[in-house]
Amino acid sequence: MARSDRKFKTSFNTWLDSVSIGNSPDTISGLARLLVVSRTLARRVLERAIEINLISSNSFPIVLLRQPQKSDYFSISEIRSLEERLETDFMMWLKDAQPAPGSRLSEAALARRFGVSNTAIREFLIGLSRVGFIRKEPQRSWILEGFTEQYALELHEVRRMFECRAIRAIFDIPEDAPFWGKLLRLRQEHVQLRSEIDTRFTEFSELDTRFHRTLNAAAGNRFMDGFQDSISVIFHFHYRWSKKNQVGRNGFAVEEHLEIIDAILRQDQGAATAALERHLETAHHTFLASLQRD
């Protein structure tokens, strides 16, 4: 997908999040500033809204014909970047292939498998190497590392520091920002997944990644964003994780997410921070348990 097309689809979803909380700028320039795009792209957003009968014209003030629905949004698969797609494909490959610690990975072989350039796979692997998931070797090969309890402890400490910082930043976000519409949409997805957890439990990992990425994005720190990408690989697609009680484990995590979201929505920073710390402790102990089983 072209970068411009992905930008448009992401911007349209952001606009839907904005109008869902009653925030609709009264000029095309205001809409462009809200979405951080050009006025040309902002007009495309409104044209799309006309096509799906959400508004009748692109004149201001914008008048909604109905409230946005889930089907109005572009799907996650339509707006994923190359990096996000590669992350998902790599994680799924780990689950299926289950390479043992110490396995050698070839850049060229991985690039062919995932249909990307050698440069793209190299940059992705470099990101994983920063958190010790893999180690660079000569001749463009990589070694898949094993994990220790000390590694898990260090990872937990960094994750807690980053995400608690992000929680604090959330409470400085203006009440009319699209973030709040996005958070409400995430809440709805969690409630839906909770009601169907027995059959949809495998979908939790993708929702969890988006949830934590949304929290971290509030801090506006690019290093935290990169760290979250690596965390997704390690915590959700650890190739040695036991499948025992996966339904119950994921269902409990959904409940913990909802506790965090609800505390944020009612503007209770103390409760949100405490709920986040409990959730991170749960993830940490689950990870430790997987290592001890090994």
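Quick note: structure is the one above.
Residues numbered from 1 in each chain as written. Predicted model: local features only at pLDDT ≥ 70, side-chain atom pairs only at ≥ 80, totals over all residues. Heavy atoms only, no water.

1. Let's talk about helix 2 (residues 28-35)
Inference 1: Buried residues of helix 2: Ile 28, Gly 30, Leu 31, Ala 32 and Leu 35, and no others.
Inference 2: Trailing helix 2 by a residue or two, Val 36 shows a phi angle of about 60 degrees, which is positive. (Buried < 20%, exposed > 50% of the residue type's maximum accessible area, 1.4 Å probe, protein only. Helix = DSSP H or I, 4+ residues; strand = E, 2+ residues; numbered from the N terminus.)

2. Observations concerning the pairing of strand 3 (residues 141-144)
Inference 1: Burial of the side chains of strand 3 extends over both faces: Ser 141 and Ile 143 are buried on one face and Trp 142 and Leu 144 on the other.
Inference 2: Where strand 1 (residues 104-106) lies against strand 3, three bridges are found, and the strand directions are antiparallel. The residue of strand 3 that forms the bridge with Ser 106 is Ser 141.
Inference 3: Note that strand 2 (residues 134-137) and strand 3 share four bridges and pair antiparallel. Residue pairing in the sheet places Arg 135 in a bridge with Ile 143 of strand 3.
Inference 4: Following strand 2, the chain reverses through three residues before pairing antiparallel with strand 3; Gln 139 in that reversal takes a positive phi of roughly 60 degrees. (Pairing = 2+ DSSP bridges.)

3. A few points about the pattern of salt bridges
Inference 1: Summed over all chains, the structure comprises 18 salt bridges.
Inference 2: Notably, a salt bridge pairs Arg 210 with Glu 189, separated by 2.6 Å at the nearest N-O pair. Highlighted residues: Arg 210 in helix 11 (residues 204-217) and Glu 189 in helix 9 (residues 178-195), separated in sequence by 21 residues.
Inference 3: The class for Arg 210 is buried, based on a relative accessible area of 17%.
Inference 4: Several salt bridges share partner residues, and in doing so they unite Asp 5, Lys 9 and Glu 78 into one network. (Salt bridge = Lys/Arg side-chain N within 4 Å of Asp/Glu carboxyl O.)

4. Digging into the packing of aromatic side chains
For any pair of aromatic rings, the description rests on two quantities: the centre-to-centre distance and the angle between the ring planes.
Inference 1: Taken as a whole and judged by the stated rule, the model has seven aromatic pairs.
Inference 2: Look at Phe 90 and Trp 93: their rings are 5.8 Å apart centre to centre, the planes differ by 40 degrees, and that puts the pair in the tilted class. Of this pair, Phe 90 and Trp 93 both sit in helix 5 (residues 82-97), three residues apart, which is roughly one turn of the helix. When sorted by exposure, Phe 90 lands in the same class as Trp 93, which is buried.
Inference 3: On the numbers, 6.3 Å between centres and 70 degrees between planes, the contact of Phe 90 with Phe 114 is edge-to-face. Here Phe 90, found in helix 5, pairs with Phe 114, found in helix 6 (residues 107-114); they are 24 residues apart in sequence, far enough to count as distant.
Inference 4: For Phe 114, a relative accessible area of 9% puts it in the buried group.
Inference 5: Among the aromatic residues, those joined into a cluster by ring pairs are Phe 8, Phe 12, Trp 15 and Phe 74.
Inference 6: Taking the ring centre of Phe 12 as reference, the NZ or CZ of Arg 48 above it sits at 5.7 Å.
Inference 7: Seen from the ring of Trp 142, Lys 136 lies directly overhead, with NZ or CZ sitting 5.4 Å from the centre. (Phe/Tyr/Trp six-rings, centres within 6.5 Å; stacked < 30°, edge-to-face > 60°. Lys NZ or Arg CZ within 6 Å of the ring centre and 35° of its normal.)

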